[in-house]
Amino acid sequence: MRALCYHGKKDIRCDNVPDPKIEDGRDAIIKVSSCAICGSDLHLFDGFMPGMMKGDIVGHEFMGEVVEVGRDNKKLKVGDRVVVPFTICCGECDQCRRGNFSVCERSNRNKDVADKLFGHTTAGLFGYTHLTGGYAGGQAEYVRVPFADVAPVKVPNGLTDEQVLFLGDIFPTGWQAAVQCDIQPTDTVAIWGAGPVGQFAIRSALLLGAKQVVCIDHVPERLAMARAGGAITIDFDNESVLERLAELTQGKGPEKCIDAVGMEAHATRSIDSMYDRAKQALMLETDRAHVLREMIYVCRPAGVLSIPGVYGGLLDKIPFGALMNKGLTVRTGQTHVNRWAEDLLHRIEEGQIDPSFVITHTVGLEQGPEMYTTFRDKQDGCIKVVLKP
Ligand code: NAD
Ligand code: ZN
Ligand code: ZN
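Reading the values: rules and limits
- Residues numbered from 1 in each chain as written.
- Chains lettered and ligands numbered in written order.
- Predicted model: local features only at pLDDT ≥ 70, side-chain atom pairs only at ≥ 80, totals over all residues.
- Heavy atoms only, no water.
- UniProt positions renumbered as here; feature names shortened; annotations may be inferred.
- Helix = DSSP H or I, 4+ residues; strand = E, 2+ residues; numbered from the N terminus.
- Rg over C-alpha atoms; globule rule 2.2 N^0.38 Å.
- Buried < 20%, exposed > 50% of the residue type's maximum accessible area, 1.4 Å probe, protein only.
- Contact = heavy atoms within 4.5 Å.
- Areas by Shrake-Rupley, 256 points an atom, 1.4 Å probe, with all protein chains shown as cover.
- Lys, Arg positive; Asp, Glu negative; His and termini not counted.
- Charge placed at Lys NZ, Arg CZ, Asp CG, Glu CD.
- Domains from an automatic or database assignment.
- Buried area = accessible area lost by both parts, 1.4 Å probe.
- Salt bridge = Lys/Arg side-chain N within 4 Å of Asp/Glu carboxyl O.
- Polar contact = N/O pair within 3.5 Å; in protein donor to acceptor, adjacent residues only side chain to side chain.
- Nonpolar A, V, L, I, M, F, W, Y, C, P; charged D, E, K, R; others polar.
- Near = heavy atom within 4 Å.
- Pairing = 2+ DSSP bridges.
- Axes fitted to C-alpha atoms, helices over the stretch in contact; angles between N-to-C directions.

The chain carries the name Zinc-dependent alcohol dehydrogenase in an unreviewed UniProt entry, which gives Azohydromonas lata as its organism. For the chain, the Cofactor (unreviewed entry) comment in UniProt is given as "Zn(2+)".

Shown next, in the form of structure tokens:
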């Protein structure tokens, strides 16, 4: 079969590889009808996430048709149409039973390495480094889904792939980011990043009743999409984020702040970005913390910082004194996709939201490698890429 494979930094190729096989009775094999490139894939592509190996199949946002099921799998049948959450979960461990699916204690095959690195293991993820299990990903014609009797979400035929595909990652991610803010009707929610995750965070914050949503980025078409979704926007190339947020909140600061940017933050008007780039290049820190510093500084005391943006390792110069003295709450994590997916599917069916608004590019799998660059560099108005294997 064809699959997008990692061959090193900035080197993704469409290769011919062996078809996946059932390895465990609970597995299923999915024939992928649509998959997408996620902002998290860019961290691999740019070489900032450790633990990738040559030949690894990438991709963790995918859906398709069940073509084979293991003998112990009582949930799926051949022919079922499913969206597969990017977090692999066993459904039985203590964390899964509490709904903390992204920290499943049993799905990471390389648990020992994760235990050492983070103190505890986190869940296995599709196509996302050997630290999270080294599982083959979904930017491929076929995928083996482990524990396939737990996470896959059956979707009705009346909805298109484009409407439901993002239930596996970015829609619940934006939603969880907003839910973690405990939004009150008087709240201003400030969202850094107008990429796909930021776009879903905007719409989720409004669905959850925020008074005002402000979105910060510097890419004109992303800011335009944010405004179309109901946000007020700030262009950080041309405006002071701190001044504009103060103006929009009568000097109080936003009550809730969402980081939908993560470890590769840019900063045009501040010195700390140069500092971070230099330290990141010299491997003295792994992540650029500009957005976190800005959120801690600007957030209203007793407010919440919600961080879906992915970080990999060690961050420098975090103003912890401000965080502590202002009494801020920090909430973060890989998304517990299955906690939200069924509810969000119903919201799509009811017409509260149509997630396909975010798609700007639809191409065949062979064009995937060039699309990584188009998406990363925001060429050609690219906001979200869907690949058709
Ligand atoms: P993306 O790269 O398309 O979007 C990031 C956006 O941030 C870009 O539009 C960029 O211009 C903007 N940006 C950069 N520096 C900024 C700054 N200083 N201030 C404001 N905006 C800035 O990616 P995406 O798909 O939207 O993903 C966003 C983040 O969410 C990534 O870190 C990704 O890894 C993460 N993510 C997390 C989860 C999870 O489970 N927690 C799931 C999916 C994605
Ligand atoms: Zn993702
Ligand atoms: Zn589990």
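The rest of the description comes next.
An account of the overall build of the chain is needed here, citing residue identities and associated values.
The helix and strand tally for the chain stands at 13 helices and 17 strands. Relative to the compact-globule value of 21 Å for 389 residues, the chain shows a C-alpha radius of gyration of 20 Å, a close match. Its C-alpha atoms give the chain principal-axis dimensions of roughly 60 × 50 × 45 Å. A buried classification covers 59% of the 389 residues belonging to the chain. When contacts within the chain are restricted to residue pairs at least 6 apart in sequence, long-range pairs at least 24 apart make up 72% of them. Just so you have it, the chain exposes about 15,600 Å², and 53% of that area is on carbon and sulfur atoms. Side-chain charges in the chain split into 43 positive and 51 negative, and the spacing between the mean points of these groups amounts to 3 Å.

Go over the domain arrangement of the chain, please, and point to the residues and values.
The assigned domain composition of the chain is domain 1 (2-169 + 335-388) and domain 2 (171-332). Taken over C-alpha atoms, the centre of domain 1 sits 25 Å from the centre of domain 2. Of the residues lining the interface, 30 residues belong to domain 1; the matching set on domain 2 comes to 22 residues. For domain 1, the biggest contributors to the area lost against domain 2 are F48, F357 and I383; these three give 24% of the whole. Joining domain 1 to domain 2, the criterion identifies zero salt bridges. Between domain 1 and domain 2 we count eight residue pairs in polar contact (both at pLDDT 80 or more) in total. Secondary structure elements with two or more residues in the side of domain 1 that touches domain 2: α1 (39-45) and α12 (337-349). With six residues, the single largest contributor to the side of domain 1 that touches domain 2 is α12. When its residues are assigned to classes, the side of domain 1 that touches domain 2 shows 18 nonpolar, six polar and six charged.

Help me get a handle on unusual backbone geometry, residues and values and all.
One non-glycine residue with positive phi stands out, namely D182, at about 45 degrees. Within the secondary structure, D182 is located in the loop between α5 (170-179) and β10 (188-192). Backbone geometry at A302 places phi at a positive 70 degrees, although glycine is not the residue there.

An account of the site of ligand 1 is needed here, citing residue identities and associated values.
As a matter of local geometry, ligand 1 sits amid 34 residues, with S40, D217, H266, P308 and T335 nearest to it. V197 is positioned with one of its backbone polar atoms (N or O) 3.0 Å from an oxygen atom of ligand 1. R222 is positioned with one of its side-chain polar atoms (N or O) 2.9 Å from an oxygen atom of ligand 1. Burial of ligand 1 by the protein amounts to 97% of the accessible area it has alone, namely 870 Å². Going through the elements one at a time, α1, α6 (196-207), β11 (212-217) and α10 (290-298) are the ones with two or more residues in the shell around ligand 1. Top contributing element to the shell around ligand 1 by residue count: α1, with four residues.

Kindly report on the sheet that holds β11, identifying the contributing residues and their values.
Across a sheet, paired strands are connected by hydrogen bonds in the backbone, their directions being either parallel or antiparallel. Reading across from one edge, β12-β11-β10-β13-β14-β15 is the order of the six strands in this open sheet, with parallel pairing throughout. Where the open sheet ends on each side, the last strands, each with one partner, are β12 (232-235) and β15 (329-332). Averaged over all adjacent pairs, the angle separating strand axes in this sheet is 20 degrees, with direction ignored. Looking at chain direction, β10 and β11 are connected through five bridges and run parallel. Bridging across to β11, A190 finds its partner in V214. The sheet strands contacting α10 are β10, β13 (256-259) and β14 (304-307), and the helix crosses β13 at an angle near 180 degrees.

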